[in-house]
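# Close look at the chain arrangement
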Amino acid sequence: AAEANCPVAGGHSIDDPEPKFGLSVTGLVDPDAMLTNAGGRPGDVLVLTKPLGTGVVTTAAKQGSCPDGALDAAVRSMTLLNADASRLATAHGARCATDVTGFGLLGHLAEVVSASGVGAVVEAARLPLLPGASALAERGTVPGGTRRNREGTAVSWGDGVDEARRWLACDAQTSGGLLVAIAPSRAPGLLDALRDGPAGPAVAIGSLVERPPRGPAVHVR
């Protein structure tokens, strides 16, 4: 640990009856090209590079209630690497990023605002969703991890945010996209570069703001 370039491994805790195959990946990173979740600033645009809903869709598939085409779209999204999105975010001057995985979009955004000392406003209508995910969430087809995320993430909700989008904003993702905070002047260039991505175009879903003096730091409206 005393080595300056010592790699650090992380992982997940899993408690379920199925056997699992696990692996770890280690490597080195250029500190000058590294994006962390602590670099966000008020005014930054929040860009999401993949649609939400893999948890809901795969849960429906396990239950045998997945709409035609929904699982195929989810698999295409989950098998798409974040390498190109990461490279483009760095090239366009992004200063803050995180991946969206088991804690869902709002859980990982909560980590960004905490580490960066800011607040955030998310526009629910702009959230990109996998085909069929909204209807599944509306009828309550959500995994346990998504339910725990919604219970455990401090968020204030606008009155106009429907139940399906509340679930999907908290949906536990497998191989989700990147959530990137980027200066407003640079956001159009990044969005344009990501427009033709295999998972669909990246979307500006909100912005970072000054941290509110009280209450939740994340507001979804």
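These numbers were taken from a predicted model, which means no experiment stands behind them. Every chain's residues receive numbers from 1 upward, in the order its sequence appears when written. For this predicted model, a pLDDT threshold of at least 70 governs which residues receive local features, and a threshold of 80 or more governs which side-chain atom pairs are given and counted, while totals over whole chains, interfaces and linings are taken from all residues. Based on all heavy atoms of the structure, the side-chain values leave hydrogens and waters out of the count.

Throughout, exposure labels follow a simple rule: accessible area from a 1.4 Å probe, protein chains only, divided by the maximum for the residue type, with under 20% read as buried, over 50% as exposed, and the rest as partly exposed. By the criteria applied, helices consist of DSSP H or I runs no shorter than four residues and strands consist of E runs no shorter than two, each listed in order from the N terminus. Taken residue by residue, helix H6 (residues 144-152) has Gly145, Thr146 and Asn149 as its buried positions. Buried residues in H6, looked at end-on, bunch into an arc of 100°, giving them a common side. Facing away from the buried side of H6, by more than 90 degrees, are the exposed residues Arg148 and Glu151. Any pair of residues with heavy atoms lying within 4.5 Å of one another is described as a contacting pair. Its buried side turned inward, H6 meets helix H4 (104-116) and helix H7 (163-169). The reported arc concerns the directions from the helix axis to the C-beta atoms and nothing else.

Before going further, it helps to spend a moment on the packing of helix H1 (residues 54-63) against helix H2 (residues 70-78). Lines are fitted to the C-alpha atoms to define the axes, a helix being fitted only along its stretch in contact, and any angle between axes, read from their N-to-C directions, falls within 0 to 180 degrees. Where H1 meets H2, the closest approach of the two axes is 10 Å, and the angle between their N-to-C directions is 135°. As the angle between them shows, H1 and H2 are arranged oblique. Here H1 and H2 pass one another in a crossing that is left-handed. When H1 is examined against H2, the residues Thr54, Val57, Thr58 and Ala61 are found in contact with a partner set consisting of Ala70, Leu71, Ala74 and Met78. When describing relative orientation, an angle under 35 degrees is termed roughly parallel and one over 145 degrees roughly antiparallel, while 65 to 115 degrees is termed roughly perpendicular and anything else oblique. For any helix crossing, the convention is left-handed if the near helix is rotated counterclockwise from the far helix by under a right angle, and right-handed if that rotation is clockwise.

As a further point, take unusual backbone geometry. Negative phi is the rule for most residues except glycine; trans is the rule for most peptide bonds. Notably, Ser175 is not glycine yet its phi reads approximately 50°, a positive angle. Structurally, Ser175 is set in the loop between H7 and strand E5 (178-182). For Ser175, a relative accessible area of 29% puts it in the partly exposed group.

Attention now goes to the pattern of salt bridges. Each salt bridge in this description consists of a side-chain nitrogen of Lys or Arg and a carboxyl oxygen of Asp or Glu lying within 4 Å of one another. Taken as a whole and assessed by the stated rule, the structure comprises five salt bridges. In this structure, Asp44 engages Arg95 in a salt bridge whose closest nitrogen and oxygen atoms are separated by 2.5 Å. One end of the pair, Asp44, is in the segment before strand E1 (45-48); the other, Arg95, is in the loop between helix H3 (83-91) and strand E2 (96-99), with 51 residues separating them in the sequence. For Arg95, a relative accessible area of 28% corresponds to the partly exposed category.

Interpretation note: all reported values are geometric properties and have no functional meaning in isolation.
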